[in-house]
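Next come the chains, spelled out residue by residue.
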Amino acid sequence: MTTASAQPSPAAYGSHRHRRKRILMAIGGALVALAFLSPYLVMVLDSFRTSSDVKTTPPTLLPRVWQWDTYAQVLGDERFLNWLKTSLIVASGSTVIVVLVAIPAAFMTARHRFPGRAFFLLLVLVTQMFAPTALVVGLYRQFFELNMVNTYGALIITNAAFNLAFAIWILHGFFASIPLEVEEAAALDGATRLQVLRRVMLPLTLPGLVTATIFTFIAAWNEYVVALTLMIDDDRKPLTVGMRAYVTGYEQHWDQLFAASVIAVVPVVILFAIIEKHLVGGLTAGSVK
């Protein structure tokens, strides 16, 4: 008698197909990640080139001559340290103001039906439609009248104002999605309105708070037009404006420009690394006992 050839079981076939799908997804994810990271990789490699090598045609992926002291030159530049300080002050100050104002505003609009609530939310949404570029002349005139041109306060107020609407809408959606019973249970336990907000609502809305914080910080860190208009003294300019000094009509330090750009990305990456772990933790925090 002849025996029939062995056929793979349905379970084995399904496992093989699942494994092949995972491999394809991993390869696809790696290709997408490479596409997004390739500009940063080129920027890092160019920071180790000499300025003449950057302009050489045809270009090469790796530097012809590796220049290892570029980052030491940039970090030793007093101008760069002043620009970095300004960016940290402006971005941090704007983020703190936005968070402190957006939390109570979003909580009140999500939990209380007061007269003019719909108009207030519409007004918040409308302010998001105005770009700083369209208002830069008016902003300069206002801050000139207030004697605030060339001050940190002018940039902090401006960045906070332009990012506040997004933060309010993000947090409003999170507050509105929390069942009212959660708030009532905390009130029955004797919690005041402020305690309910701080101990119950904020932990539950932590993912939204993290999103608003990161968005505001990055937007303020990358802002260019208003800073270019309002900041006059070279030592008070933020990184986005100050780094132009490395490449001008009189001198071209492309290696230092790329090194400064790499360093400018680091604070944002550090902030995201510190705050990202709270995204998942906030989903289950603050539940009713």
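All residue numbers refer to positions counted from 1 along the written sequence of the respective chain. Local features are withheld for residues below a pLDDT of 70 in this predicted model, meaning they are given only at 70 or higher, and side-chain atom pairs are given and counted only at 80 or more; totals for whole chains, interfaces and linings count all residues. The basis for the side-chain values is all heavy atoms of the structure; hydrogens and waters are excluded.

Side note on the packing of aromatic side chains
Stacked, tilted and edge-to-face pairs are distinguished by plane angle, under 30 degrees for stacked and over 60 for edge-to-face with tilted covering the rest, among Phe, Tyr and Trp rings (Trp via its six-membered ring) whose centres lie within 6.5 Å. The final tally for this structure, using the stated rule, is 10 aromatic pairs. Through pairs of rings, three or more aromatic residues link up here, namely Phe48, Trp66, Trp68 and Tyr71. Counted as over-ring charges are cases with an Arg CZ or a Lys NZ within 6 Å of the ring centre that also lie within 35 degrees of the ring normal. Over the aromatic face of Tyr152 sits the side chain of Arg236, whose NZ or CZ is 4.7 Å from the ring centroid.

Digging into the layout of surface pockets
Over the atoms, a rolling probe the size of a water molecule traces out where space has been left empty. Each cavity reported here is a set of points on a 1 Å grid over the protein atoms alone in which a 1.4 Å probe fits but cannot get out, each pocket an open set with protein on both sides within 12 Å along at least five of seven lines, and each lining residue one with an atom within 4 Å of a point. Grid points are joined across faces, edges and corners, and a volume is the space filled by probe spheres set on the points. Here the largest pocket is characterised by a volume of approximately 200 Å³. Lining the largest pocket are 13 residues, with Thr127, Ile157, Thr158, Ala161 and Phe162 sitting closest to its centre. By definition, any uninterrupted DSSP run of H or I lasting at least four residues is a helix, any uninterrupted run of E lasting at least two residues is a strand, and each is numbered from the N terminus. Listed by contribution, the elements that provide at least two residues to the lining of the largest pocket are α5 (117-127), α6 (132-145) and α7 (152-177). Among the elements that take part in the lining of the largest pocket, α7 stands out by supplying seven residues, more than any other.

Here's the deal with the pattern of salt bridges
Between Lys or Arg on one side and Asp or Glu on the other, a salt bridge is scored when a side-chain nitrogen of the former is within 4 Å of a carboxyl oxygen of the latter. Using the criterion set out here, one finds five salt bridges in the structure. Of the charged contacts, one joins Arg49 and Asp53 as a salt bridge, the two residues approaching to 3.6 Å between their closest N and O atoms. When a residue's accessible area, from a 1.4 Å probe over protein chains only, is under 20% of the maximum for its type it is buried; when over 50% it is exposed; and in between it is partly exposed. Taking the relative accessible area as the measure of exposure, Arg49 reaches 4% and is therefore buried. With relative accessibility at 6%, the residue Asp53 sits in the buried group. Salt-bridge contacts for Glu145 lead to Arg141; the nearest nitrogen and oxygen are separated by 3.0 Å. You can see Glu145 and its partner Arg141 sitting in helix α6, four residues apart, about one turn around the helix. We note that Glu145, like Arg141, is exposed. Each of Asp46, Arg49, Asp53 and Arg64 takes part in salt bridges that share partners, so that together they form one network.

A closer look at the packing of helix α10 (residues 206-222) against helix α13 (residues 254-275)
Between α10 and α13, the shortest axis-to-axis distance is 11 Å and the interhelical angle comes to 175 degrees. As judged from the angle between their axes, α10 and α13 are roughly antiparallel. Counted together, Val210, Thr213, Ile214, Phe217, Ile218 and Trp221 of α10 and Ala264, Pro267, Val268, Leu271, Phe272 and Ile275 of α13 form the full contact between these two elements. Only Asp, Glu, Lys and Arg are considered charged, only Ala, Val, Leu, Ile, Met, Phe, Trp, Tyr, Cys and Pro nonpolar, and every remaining residue, Gly among them, polar. A per-class count over the contact of α10 with α13 returns 11 nonpolar, one polar and no charged. Axes here mean lines fitted to C-alpha atoms, for a helix over just the part in contact, with angles spanning 0 to 180 degrees between N-to-C directions. Angles below 35 degrees are treated as roughly parallel, those above 145 as roughly antiparallel, those between 65 and 115 as roughly perpendicular, and all remaining angles as oblique. Residues are treated as being in contact if the distance between any of their heavy atoms lies within 4.5 Å.

Some points on the packing of helix α4 (residues 78-111) against α10
At a closest axis distance of 8 Å, the pairing of α4 and α10 adopts a crossing angle of 145 degrees. α4 and α10 meet at a crossing whose hand is right-handed. Here Leu84, Ser87, Leu88, Ala91, Ser92, Ser94, Thr95, Val98, Val99 and Ile103 of α4 come into contact with α10, specifically with Leu209, Thr213, Thr216, Phe217, Ala220 and Trp221. For the contact of α4 with α10, a count of residues per class yields 10 nonpolar, six polar and no charged. Helix crossings fall into two classes, left-handed where the near helix is turned counterclockwise from the far one by less than a right angle and right-handed where it is turned clockwise.

Focus on the side chain of His172
Inspection of the secondary structure assignment puts His172 in helix α7. Overall, the relative accessible area of 10% leaves His172 in the buried class. Apart from residues no more than four positions distant in its own chain, His172 is found in contact with Ala106, Thr109, Ala110, Arg117 and Leu121.

Regarding empty space enclosed by the protein
Scanning all chains against the criterion turns up one cavity of 30 Å³ or more. By volume, the largest cavity is sized at about 40 Å³. Taken together, Ser87, Val90, Leu155, Asn159, Ala220, Trp221, Glu223, Ala227, Pro238 and Thr240 form the lining of the largest cavity. Listing elements by their share of the lining of the largest cavity, those giving two or more residues are α4, α7 and α10. A breakdown of the residues in the lining of the largest cavity according to their chemical character gives six nonpolar, three polar and one charged.

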